[in-house]
Amino acid sequence: MSKLTHIDDQGRARMVDVSDKPATAREAVAGGFVRMSAETLALAVSGSGRKGDVRAVAELAGVMAAKKTSDLIPLCHPLALSKVEVSVEPAEGGLSVTARVKTTGPTGVEMEALTAASIACLTIYDMLKAAEKGMVIEAVRLLEKTGGKSGDWLADR
């Protein structure tokens, strides 16, 4: 197992020093899924819910979340993001969320993509909970990343 980069030699948490790392193009894609009944899915897709367009609000919440990742996760670096794109699409059994984040910098954007996907899923739940409290948020995970010292990575789909 490789050494954890957020732990120093004394075992204390620390923010990784990226000042000597070159700025490179980096991208990460994360996904998630909100499982729900067919009736709740139809309500979400119709755009006629009491709180408004579920998909549009969740997509916007995901974008906002990506921009706030370093405020939420203690050891994340604040990043200048060049692109955040969140998509919420109907799928069999619920709504599928995909978040794509890009930057050019010394550290990756995996956490920003994961935060965007997570908050989009939570927003879907919030907007639809009056219709169905038993929805399940699942499969939030990194799908792919490009750039940086560790190179490209693609999840088994």
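How each quantity is defined
Residues numbered from 1 in each chain as written. Predicted model: local features only at pLDDT ≥ 70, side-chain atom pairs only at ≥ 80, totals over all residues. Heavy atoms only, no water. UniProt positions renumbered as here; feature names shortened; annotations may be inferred. Helix = DSSP H or I, 4+ residues; strand = E, 2+ residues; numbered from the N terminus. Buried < 20%, exposed > 50% of the residue type's maximum accessible area, 1.4 Å probe, protein only. Contact = heavy atoms within 4.5 Å. Polar contact = N/O pair within 3.5 Å; in protein donor to acceptor, adjacent residues only side chain to side chain. Pairing = 2+ DSSP bridges. Axes fitted to C-alpha atoms, helices over the stretch in contact; angles between N-to-C directions. Patch = residues over 30% accessible without salt bridge, like charges linked within 9 Å, V, L, I, M, F, W, Y side chains within 5 Å. Areas by Shrake-Rupley, 256 points an atom, 1.4 Å probe, with all protein chains shown as cover. Salt bridge = Lys/Arg side-chain N within 4 Å of Asp/Glu carboxyl O. Left-handed = near helix turned anticlockwise from the far one by under 90°. Nonpolar A, V, L, I, M, F, W, Y, C, P; charged D, E, K, R; others polar.

Some remarks on the UniProt feature "domain: Molybdopterin cofactor biosynthesis C (MoaC)" (unreviewed entry) in the chain
Then, number 1: Under the feature "domain: Molybdopterin cofactor biosynthesis C (MoaC)" (unreviewed entry), the UniProt entry names residues 15-148.
Then, number 2: Taken end to end, residues 15-148 has its terminal C-alpha atoms 17 Å apart, with 34% of it in helix and 34% in strand.

With respect to the UniProt feature "active site" (unreviewed entry) in the chain
Then, number 1: Those places that UniProt annotates as "active site" (unreviewed entry) correspond, in this numbering, to D126.
Then, number 2: By the element assignment, D126 lies in helix 4 (residues 110-128).

Some thoughts on the environment of K145
Then, number 1: Relative to the assigned elements, K145 resides in strand 4 (residues 136-146).
Then, number 2: Here K145 falls in the buried class, since its relative accessible area comes to 9%.
Then, number 3: Apart from the residues within four sequence positions on either side, K145 is in contact with E27, A28, E110, S150, G151, D152 and W153.
Then, number 4: A distance of 2.5 Å separates the side chain of K145 from the backbone oxygen of G151, its partner in a polar contact.

So, the sheet that holds strand 3 (residues 94-105)
Working definition: the strands of a sheet are paired by backbone hydrogen bonds and lie parallel or antiparallel to each other.
Then, number 1: Strand order in the open sheet formed by 5 strands is 2-3-1-4-5, with antiparallel pairing between adjacent strands. What marks the edges here is a single partner per strand, and that holds for strand 2 (81-91) and strand 5 (153-154).
Then, number 2: Across 12 bridges, the pairing between strand 1 (residues 24-35) and strand 3 is antiparallel. The partner of G32 across the bridge, within strand 3, is V97.
Then, number 3: Against the sheet, helix 4 touches strand 1, strand 2, strand 3 and strand 4, its axis set at about 25° to strand 1.

Here we look at the pairing of strand 4
Then, number 1: Note that strand 1 and strand 4 share 8 bridges and pair antiparallel. Paired with G31 across the bridge in strand 4 is R141.
Then, number 2: Following strand 4, the chain reverses through 6 residues before pairing antiparallel with strand 5; G147 in that reversal takes a positive phi of roughly 90°.

Observations regarding the side chain of T40
Then, number 1: Take T40: it is sitting in helix 1 (residues 38-46).
Then, number 2: A polar side-chain atom of T40 sits 2.6 Å from a polar atom in the side chain of E132.
Then, number 3: For T40, the residues in contact, after removing those within four places along its chain, are L128, A131, E132 and M135.

Side note on a nonpolar patch on the surface
Then, number 1: On the surface, a nonpolar cluster with roughly 220 Å² of combined accessible area is contributed by L122, I137 and V140.
Then, number 2: Within the element layout of this structure, V140 appears in strand 4.

So, the pattern of salt bridges
Pairing of side chains with opposite charge becomes possible as their charged atoms draw close.
Then, number 1: Counted under the stated rule, the structure contains 6 salt bridges.
Then, number 2: Notably, a salt bridge pairs R35 with E138, separated by 2.7 Å at the nearest N-O pair. Of this pair, R35 sits in strand 1 while E138 is found in strand 4, placing the two residues 103 residues apart along the sequence.
Then, number 3: For E138, a relative accessible area of 26% corresponds to the partly exposed category.
Then, number 4: When the shortest N-O distance is used, the salt bridge between D126 and K129 registers 2.4 Å.
Then, number 5: A residue is classified by how much of its surface remains accessible, and D126, at 32% relative accessible area, is partly exposed.

Quick notes on the packing of helix 2 (residues 54-67) against helix 4
Then, number 1: Where helix 2 contacts helix 4, the two axes come as close as 7 Å, and the packing angle between them is 145°. As helix 2 packs across helix 4, the resulting crossing turns out to be right-handed. Across the interface between the two elements, V54, V57, A58, A61, G62, A65 and A66 from helix 2 touch E112, T115, A116, I119, A120, T123, I124, M127 and L128 from helix 4.
Then, number 2: Broken down by class, the residue content of the contact of helix 2 with helix 4 amounts to 12 nonpolar, 3 polar and 1 charged.

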